[in-house]
Amino acid sequence: MKRILTIFIIFSLLSVSACTGKDILEETDANAPVTVEDNRTTVTQTETTVITGETSPFTGRAILPPASFTAKDPLNSRGLPTKRIEHSYGVAKDGNPHQISVDFQKYFASTGYKAMCYNTNEKKVLYLTFDCGWENGYTAKCLDILKEKNVPAAFFCTLDHIKSTPELIARMIKEGHIIGNHSANHADFSEISRQKMADEILECDNYLRENFGYATTFFRFPEGAYTENALELVDSMGYTSVFWSCAYADWDVNNTKGGDYAFTTVTSRLHPGAIILLHSVSPDNAEALGRIIDYARQNGYEFKALTDYKFS
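The model shown is predicted, which means the values in this text are computed figures rather than measured ones.

Per-residue confidence for the protein averages 86 on the pLDDT scale, and 83% of its residues sit at or above 70. The low-confidence segment residues 1–50, where pLDDT is below 50, has 149 contacts with residues more than four positions distant or belonging to other chains.

Moving on, we get to the nonpolar core. If you look at the biggest cluster of nonpolar residues, it comprises 86 residues, and the most contacted ones within it are L128, F130, L146 and Y226. Per-element tally for this core: the top contributor is helix α5 (residues 194–212), with 7 residues. Those residues in contact with L128 that lie beyond four places of it in its chain are L146, V151, P152, A153, A154, I276, L278, L289 and F303.

For the rest of this paragraph, the subject is helix α2 (residues 139–149). Among all positions of α2, only T139, C142, L143, I145, L146 and K149 are buried. Seen along its axis, α2 keeps its buried residues to an arc of 160 degrees; they face one direction. In this structure, α2 carries K147 and E148 as exposed residues pointing more than 90 degrees from its buried face. Packed against the buried residues of α2 are β5 (125–132), β6 (153–157), α3 (159–164), α4 (166–174) and α8 (283–298).

For N76, which is not glycine, the phi dihedral falls at a positive 55 degrees. Within the secondary structure, N76 sits in the loop between β2 (43–51) and β3 (85–86). The phi angle at S183 is positive, at roughly 85 degrees, despite the residue not being glycine. Among the secondary structure elements, S183 is positioned in the loop between β7 (178–181) and α5.

Bringing the packing of aromatic side chains into the picture now. Within the structure shown, the criterion is met by 16 aromatic pairs. With 5.1 Å between their ring centres and 25 degrees between their planes, F58 and F212 make a pair best called stacked. Of this pair, F58 sits in the loop between β2 and β3 while F212 sits in helix α5, placing them 154 residues apart in sequence. Taking the relative accessible area as the measure of exposure, F212 reaches 0% and is therefore buried. Ring centres of F221 and F243 lie 5.8 Å apart, and the angle between their planes is 20 degrees; this geometry places the pair in the stacked category. Highlighted residues: F221 in the loop between β8 (218–219) and β9 (225–226) and F243 in the loop between β10 (240–242) and α7 (259–268), separated in sequence by 22 residues. Taken individually, F221 and F243 each receive the classification buried, so the pair is uniform in this respect. Put simply, the rings of F104, Y107, F108, F189, F219, F221, Y226, F243 and W244 touch in pairs and so form one group of aromatic residues. Residue placement shows K124 over the ring face of Y301; its charged tip is 4.3 Å from the ring centre. Looking at R291, its charged tip hangs above the ring of F263, at a distance of 5.1 Å from the centre.

What counts, and where the lines are drawn
- Residues numbered from 1 in each chain as written.
- Predicted model: local features only at pLDDT ≥ 70, side-chain atom pairs only at ≥ 80, totals over all residues.
- Heavy atoms only, no water.
- pLDDT = per-residue confidence, 0-100.
- Contact = heavy atoms within 4.5 Å.
- Core = buried A, V, L, I, M, F, W, Y, C linked by side-chain atoms within 4.5 Å.
- Buried < 20%, exposed > 50% of the residue type's maximum accessible area, 1.4 Å probe, protein only.
- Helix = DSSP H or I, 4+ residues; strand = E, 2+ residues; numbered from the N terminus.
- Arc of directions from axis to C-beta.
- Phe/Tyr/Trp six-rings, centres within 6.5 Å; stacked < 30°, edge-to-face > 60°.
- Lys NZ or Arg CZ within 6 Å of the ring centre and 35° of its normal.

Following this line, the structure appears as structure tokens:
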């Protein structure tokens, strides 16, 4: 079997349960600014790509070799800030993002790290994302609706979800959706070392590569918890950190309120450029998703994939 070895170097500049981060603003209108130092650095990643001729039994795609990454400055001797940041989105209303989302997006832009919670450059565009930590039987229904409505989405999956539902993961890939990396063990990235962060990401990514022939460049911090040190590490690995500006408390399956509540809540919080976070375990979301999509389109919104997001 011939193996073609290509070595290339990529340079980078550098919400399971409650994955929506700091949601204390769920029904409030707080207006807390976000202030973080800018202490950016540049890290280099080296990766080897091999075409083996083997294919995935799930997707039929060519198997990809595992990626490797050794975190530069594993002890953070540069002193990148390690203060815990809990992503919060506030409650968008009247077609406008909450000031908290505005402040977070300004922070991401100021550091130069590839991170986003909404798109400030486009009008009437929405990005639909799901967090998948475990399966509750509703993901397939959501996929049915997305296929019917021809809407792209990103599914941020933990390794456990990927391993336990290979048919669903394969379907997502085959139907053109993005599989996002949500870490192997839903770890708290504000508490672990830089190399452990890299290991958490790589374990999830490499399983996708070796079993589905799929590699992703999008990452979502578990629970939205991170530090600037973590943000820089993720960026240095070539990933884009994806947060959100439109969400609601939909992860608690013991406190569901019905599809009408999901529909009203989500549609009232839409705004241009919004990254919508939903959890696939929610029966309310599965019931309301089609109506949410129809409402958004009737009000002039277009759904785009995260790959269409352009950094200014």
